[in-house]
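Residue-level listing of the chains:
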Amino acid sequence: MDSFIKIRRDLHLIPELGFQEFKTQAYLLDYLSSLDQERMVIDTWRTGIFVRVKGLNSTRTIGYRTDIDGLPMKENTGLEFSSIHEGNMHACGHDVHMSIALGVLTNLVNEPINDDVVFIFQPAEEGPGGAEPLLKSEEFKPFKPDVIYGLHIAPEYPVGTIATKPGMLFAHTSELFIDFHGLSGHAAFPHLTNDMIVASSHFITQVQSVVSRNVNPLDSAVITIGKITGGTVQNVIADHVRIEGTMRALSEEAMLKLKNRIESLVNGFKESFQCKIEVDFGSNYYGVINDESLTNEFFHFAKQYDGIEAVLCNVAMTGEDFGYMTKEIPGLMFWIGVNSDFGLHNQKLNPDENVIPLMIRFISDFMKQ
Ligand SMILES: CC(=O)N[C@@H](CCC[C@H](N)C(=O)O)C(=O)O
């Protein structure tokens with residue numbers, strides 16, 4: 001088996017949530033210790049790692065970022081190397097991202113190019129967001145690159161396809177947590193209680209009209225509620241419901257509109273349901289905006305590369321805190337096809353591992369050119 005497919009499987013076994021990637025960090029550091037130390041400068045930041053691979057005659061520093069965290073989801077792939085961390089899964093491909101990063105890094109240590117290349121193993125992409133604090137950290141300062149690249153697996157494309165576009169690739173995002181507090185009591189005496197299941201259900205229905213009625217139809221946005229918790233038993237009225245979701249928008253104005261409308265809806269609901277409601281917008285990611293000239297140069301290279309099909313894609317409503325990096329540093333993110341019947345954040349996501357050696361070769365060659 002290809003050694004980087006083996007690494008992907010090892011990492012797939014041990015998915016960890018944001019800022020708890022201790023075993024993952026230890027695994028990565030252990031692998032790095034097996035390479036020629038003369039060529040590398042390594043530092044850690046929380047559960048992340050920075051590695052500078054020294055070039056032969058460097059005039060600039062190229063950055064390459066991979067995310068390293070998993071999701072709080074139970075895996076259902078049936079794979080022999082399924083997660084041994086019950087309730088956590090690499091369901092967004094960060095195991096594949098890491099193994100590709102290690103492969104490219106290894107190639108550049110063994111066959112250095114002129115420029116320095118900084119590899120960023122970034123924690124907490126799925127939440128609460130590692131990129132923003134990482135960029136502000138003291139540890140990052142000596143590693144800051146002049147340009148930055150990152151990739152993301154795309155289940156819907158075949159292996160060998162690369163998709164990206166200049167300008168906005170991923171949306172602005174904001175998490176959404178809302179707690180409804182009422183009064184519990186006997187199911188038979190609703191008039192003596194304040195039922196938060198009824199209040200929150202109305203809210204969930206009404207919040208959908210924010211996108212359809214308040215956002216300019218030419219300016220896309222999404223509000224998704226992914227989790228509801230509340231109540232204790234079928235015949236007790238619930239005094240607390242928590243809804244958890246995420247909002248996506250293609251402009252900062254539209255995101256502000258979503259937040260303002262939610263605040264006003266909440267104020268109305270407090271009045272109409274006579275309850276206490278707390279809103280928390282959690283972590284917010286800036287949209288991923290690809291640098292035009294880096295994208296064109298990359299596209300030009302990919303178009304003539306044997307075994308790669310480069311396609312222009314549409315902007316996606318996915319979020320990525322790589323957006324904080326492209327805000328500060330000219331950068332490019334691209335999708336890589338992994339041909340899975342099940343999509344991102346699905347319990348059965350099963351990327352085709354042939355993408356790993358192919359992308360290691362392609363990205364190493366891109367850096368070498
Ligand atoms: C690529 C991808 O799937 N990213 C995540 C980022 C989540 C950000 C945050 N936790 C949120 O839910 O808003 C995504 O869900 O798009």
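Thresholds, definitions, all that
- All chains use their own residue numbering, which begins from 1 and follows the written sequence.
- Per-residue local features of the predicted model are confined to residues with pLDDT of at least 70, and side-chain atom pairs are confined, for both listing and counting, to 80 or more; whole-chain, interface and lining totals are unaffected and use all residues.
- Here the side-chain values reflect all heavy atoms present in the structure, with hydrogen atoms and water set aside.
- UniProt positions are given in the numbering used here, feature names are shortened, and annotations may be inferred rather than shown by experiment.
- Where helices and strands are cited, they refer to DSSP runs of H or I of at least four residues and of E of at least two residues respectively, numbered from the N terminus.
- What a helix should span is 1.5 Å times the count of its residues minus one.
- Here, two residues are considered to be in contact whenever any of their heavy atoms come within 4.5 Å of each other.
- Counted as a polar contact is a pair of N or O atoms within 3.5 Å, where, for protein atoms, one must be capable of donating a hydrogen and the other of accepting one, and residues adjacent in sequence contribute only when both atoms are in side chains.
- Summary of the burial criterion: residues with accessible area below 20% of their type's maximum are buried, those above 50% are exposed, and those between are partly exposed, where the area comes from a 1.4 Å probe applied to protein chains only.
- Between any two strands, pairing holds if DSSP finds at least two bridges.
- By convention, orient the strands away from the viewer: a clockwise path from the first strand over the helix to the second makes the crossover right-handed.
- Summary of the distance rule: residues count as near a molecule or strand when at least one heavy atom falls within 4 Å of that molecule or strand.
- Between N-to-C directions, angles span 0 to 180 degrees; the directions come from axes that are lines fitted to C-alpha atoms, helices contributing only their stretch in contact.
- Working definition: roughly parallel below 35 degrees, roughly antiparallel above 145 degrees, roughly perpendicular at 65 to 115 degrees, and oblique for all remaining angles.
- In this scheme the crossing of two helices becomes right-handed for a clockwise turn of the near helix relative to the far one and left-handed for an anticlockwise turn of less than a right angle.
- Residues are sorted three ways: Asp, Glu, Lys and Arg are charged, Ala, Val, Leu, Ile, Met, Phe, Trp, Tyr, Cys and Pro are nonpolar, and all the rest, Gly among them, are polar.

For the protein chain, the name recorded in an unreviewed UniProt entry is N-acetyldiaminopimelate deacetylase, with Gottfriedia luciferensis as its organism. Its UniProt record gives the protein chain the following Catalytic activity (unreviewed entry) comment, quoted word for word: "N-acetyl-(2S,6S)-2,6-diaminopimelate + H2O = (2S,6S)-2,6-diaminopimelate + acetate". Looking at the Pathway (unreviewed entry) heading of the UniProt record, one finds this comment for the protein chain: "Amino-acid biosynthesis; L-lysine biosynthesis via DAP pathway; LL-2,6-diaminopimelate from (S)-tetrahydrodipicolinate (acetylase route): step 3/3."

Attention shifts here to the UniProt feature "domain: Peptidase M20 dimerisation" (unreviewed entry) in the protein chain. The UniProt record annotates "domain: Peptidase M20 dimerisation" (unreviewed entry) at residues 178-267. The distance separating the terminal C-alpha atoms of residues 178-267 is 12 Å; by composition the span is 39% helix and 31% strand.

Attention shifts here to helix H7 (residues 292-303). Along its twelve residues, H7 runs 16 Å from first to last C-alpha, staying within 8% of the 16 Å computed at 1.5 Å per residue. Elements in contact with the buried residues of H7: strand E5 (147-154), strand E6 (161-164), strand E15 (288-290), strand E16 (309-312), strand E17 (331-337) and helix H9 (355-368). The opening residue of H7, the one whose side-chain oxygen lies 3.2 Å from the backbone nitrogen of Ser293, is Asp291.

We now examine the pairing of strand E3 (residues 61-67). Within E3, seven of the seven residues are buried, which leaves it mostly tucked inside the rest of the structure. In E3, alternate side chains face the same way, and those of Thr61, Gly63, Arg65 and Asp67 on one face and Ile62, Tyr64 and Thr66 on the other are all buried. As paired strands, E3 and strand E4 (residues 116-122) are joined by seven bridges and run parallel to one another. Bridge pairing in E4 links Ile62 to Val117. Since E3 and E4 lie parallel, the crossover through helix H3 (residues 94-110) that links them has a hand, and here it is right-handed. With four bridges joining them, E3 and E5 adopt parallel strand pairing. When the sheet's bridge partners are listed, Gly63 is paired in E5 with Ile148.

Every residue lining the ligand is accounted for by Cys92, Glu125, Glu126, His152, Thr173, Glu175, Thr246, Arg248, Tyr285, Thr318, Gly319 and His345. Within the side chain of Glu125, one N or O atom sits 3.3 Å away from a nitrogen atom of the ligand. Gly319 is positioned with one of its backbone polar atoms (N or O) 2.8 Å from a nitrogen atom of the ligand. Among the elements of the structure, strand E8 (172-181) and strand E12 (240-249) are those that each provide at least two residues to the shell around the ligand.

Moving on to the packing of H3 against H9. Two elements in contact, H3 and H9, have axes whose closest approach is 9 Å; the angle formed by their N-to-C orientations is 45°. As judged from the angle between their axes, H3 and H9 are oblique. Crossing angle aside, the handedness with which H3 passes H9 is right-handed. Where H3 abuts H9, its residues Val96, Ser99, Ile100, Gly103, Val104, Asn107 and Leu108 lie against Val355, Ile356, Met359, Ile360, Ile363, Ser364 and Met367. Broken down by class, the residue content of the contact of H3 with H9 amounts to ten nonpolar, four polar and no charged.

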